[in-house]
Amino acid sequence: MRSLLTRRGTLAALLLAATATAPLTATAQGRPITIVVGSPAGGTTDTLARVIGRMVGDTLGQPVVVENRAGAGGNIAASFVAKAPPDGNTLLMSFTGHTINATLYKNLGFDPVKDFTPITMVAKVPSVLVARKGLPFNDTAGLIAYAKKNPGKLNFAIGAQGSSLHLASEQFKMATGTDIVNVPYKGTGPALADVLAGTVDLMFASTVNVLPHQKTGSIQLLGVSSKAALPQFPGVPPLAQTVKGFESQAWFGLFGPAKMPKDVTDKLYAAVKKAVESPAYQERMHTEAASAVDMTPEAFAKFVAQDVQDWAQIIKASGATVE
């Protein structure tokens, strides 16, 4: 096992603005780093947390564990991290719901902006509109026509209330004038499992989760939420070809509690940046039709604050609510 002095030297080399005399912080003392995820195992947020966590752990020479605290659209996990000590040992891997929930929920018990230290974004991921087998249509135009003739008969599995996938379904219904019932779940994994089982009809699911099923014939792939077609999904058209202007994608990013020291934030950012820029991570994101993203903590903080405002307009216009 490396000595503390050796480990300190290794860590110092990773800091963006380190000095040779910088004091050891809590995260440099070998204590485990816990990345809290607000969804069950198997969803995109969980998958990214485990991939990033493993690579960050290797860089920092520290154990990194992922803890799933699913429920309330990610708010249970976010509330837990907001109240944790700001020492860099308890982090949150969150997603678009972090900024959506600022408007969608009336009594969060925490502030999505003020109660966190943004570290960096790690990925942007478009989604796929999928349908269970056996429905009397095989494309988006057919879905819209059927839904208009049969209001309230179809349902949408909502992988996490307050997520971009939830808002994608609301945007779709608003843009097409259709009445489709929402069925909320605690995560993308359980929701997609029920679509595969034929229990629910439709779902917006991330490309990361849909890819393993695209060639099995177990679900119908009606369209992708990106502006252009995705080479990873040959033959699946953009929804915008049928629903003019439709586009949706999720972002995923890492946060710490508010008032986390700058040296801790910078050290974590440097380690995550190294992971995001690695060929292995870049290739994995491309394969899964996702984009690897790197933002400085300052840029990510500005993005989060603006995203709260942008989603507030969409939520108010769509009338989206939580159940």
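I will try to describe carefully the structure that is included in this document. Being a predicted model, the structure only gives us computed values, none of them experimental.

## Quick notes on the pattern of salt bridges
Piece 1. Tallying each qualifying case throughout the model produces 10 salt bridges.
Piece 2. Asp87 is paired through a salt bridge with Arg31; the nearest N and O atoms lie 3.6 Å apart. Taken as a pair, Asp87 in the loop between helix H3 (75-82) and strand E3 (90-95) and Arg31 in the loop between helix H1 (4-14) and strand E1 (33-37) lie far apart in primary sequence, 56 residues in all.
Piece 3. With relative accessibility at 18%, the residue Asp87 sits in the buried group.
Piece 4. For Arg31, a relative accessible area of 39% corresponds to the partly exposed category.
Piece 5. Asp266 is the partner of Lys262 in a salt bridge, and the nearest nitrogen-oxygen pair spans 2.6 Å. Within this pair, Lys262 and its partner Asp266 are both found in helix H9 (residues 262-276), separated by 4 residues, close to a single helical turn.
Piece 6. Here Asp266 falls in the buried class, since its relative accessible area comes to 9%.

## Re the nonpolar core
Piece 1. Counting residues in hydrophobic clusters, the biggest one holds 32 residues, and the most contacted among them are Ile52, Met93, Val122, Leu268 and Tyr281.
Piece 2. Elements with a contribution of two residues or more to this core: E1, helix H2 (44-60), E3, strand E4 (116-132), strand E9 (249-257), H9 and helix H10 (279-287).
Piece 3. Not counting residues within four places of it along the chain, the set of residues in contact with Tyr281 comprises Leu48, Val51, Ile52, Met55, Val122, Ala123, Ala275, Val276 and Ala292.
Piece 4. Listed in part, the 22 residues of the second largest apolar core include Ile100, Phe110, Met295 and Ile315.

## Some details on the pairing of strand E7 (residues 202-206)
For a regular strand, side-chain orientation follows a simple rule: the groups alternate between the two sheet faces.
Piece 1. The buried fraction of E7 is high, at 5 of 5 residues.
Piece 2. With 5 bridges joining them, E4 and E7 adopt antiparallel strand pairing. If you follow Val130 over to E7, its bridge partner there is Met203.
Piece 3. With 2 bridges connecting them, strand E5 (residues 155-158) and E7 associate as parallel partners. Directly across from Ala157, in E7, lies its bridge partner Met203.

## Focus on the environment of Asp111
Piece 1. Tracing the sequence through the fold places Asp111 in the loop between helix H4 (97-104) and E4.
Piece 2. For Asp111, a relative accessible area of 27% puts it in the partly exposed group.
Piece 3. Between the alpha carbons of Asp111 and Ala82 there is a distance of 8.6 Å; along the sequence they are 29 residues apart.
Piece 4. There is a polar contact of 2.8 Å between the side chain of Asp111 and the backbone nitrogen of Val113.

## So, unusual backbone geometry
Piece 1. Positive phi values are uncommon outside glycine, yet Ala72 reaches one of about 55 degrees.
Piece 2. On the secondary structure map, Ala72 appears in the loop between strand E2 (64-68) and H3.
Piece 3. In this model, Ala289 sits at a positive phi of 60 degrees, which is unusual for a non-glycine residue.
Piece 4. For Ala289, the location among the structural elements is in the loop between H10 and strand E10 (291-292).

## A closer look at the pairing of E1
Piece 1. Most of E1 sits out of view: 5 of its 5 residues are buried.
Piece 2. Because side chains alternate across E1, one face comprises the buried residues Ile33, Ile35 and Val37, and the other comprises Thr34 and Val36, equally buried.
Piece 3. Relative to E2, E1 runs parallel, the two being bridged by 5 bridges. Of the residues in E2, the one forming a bridge with Thr34 is Val65.
Piece 4. Traced from E1 through H2 to E2, the parallel crossover comes out right-handed.
Piece 5. As defined by bridge partners, E1 adjoins E3 across 4 bridges and the pair is classed as parallel. Bridge assignment links Ile35 to a residue of E3, and that residue is Leu91.

## Observations concerning the packing of aromatic side chains
Piece 1. In total, this model carries 13 aromatic pairs according to the counting rule given.
Piece 2. With a centroid separation of 5.8 Å and an interplanar angle of 80 degrees, the aromatic rings of Phe110 and Phe116 are classed as edge-to-face.
Piece 3. A ring pair is formed by Trp251 and Phe300, whose centres lie 5.7 Å apart and whose planes are at 85 degrees; its orientation type is edge-to-face. Taken together, the positions of Trp251 in strand E9 and Phe300 in helix H11 (residues 297-318) put the pair 49 residues apart, joining distant regions of the chain. As far as the burial class goes, Trp251 and Phe300 line up, both buried.
Piece 4. Following the ring pairs from residue to residue traces out a cluster consisting of Phe110, Phe116, Trp251, Phe255, Phe300 and Phe303.
Piece 5. The cationic tip of Arg69 hangs over the ring face of Phe80; the distance from NZ or CZ to the ring centre is 3.7 Å.

Reading guide: rules and limits
Residues numbered from 1 in each chain as written. Predicted model: local features only at pLDDT ≥ 70, side-chain atom pairs only at ≥ 80, totals over all residues. Heavy atoms only, no water. Salt bridge = Lys/Arg side-chain N within 4 Å of Asp/Glu carboxyl O. Helix = DSSP H or I, 4+ residues; strand = E, 2+ residues; numbered from the N terminus. Buried < 20%, exposed > 50% of the residue type's maximum accessible area, 1.4 Å probe, protein only. Core = buried A, V, L, I, M, F, W, Y, C linked by side-chain atoms within 4.5 Å. Contact = heavy atoms within 4.5 Å. Pairing = 2+ DSSP bridges. Polar contact = N/O pair within 3.5 Å; in protein donor to acceptor, adjacent residues only side chain to side chain. Right-handed = clockwise from strand over helix to strand, strands pointing away. Phe/Tyr/Trp six-rings, centres within 6.5 Å; stacked < 30°, edge-to-face > 60°. Lys NZ or Arg CZ within 6 Å of the ring centre and 35° of its normal.

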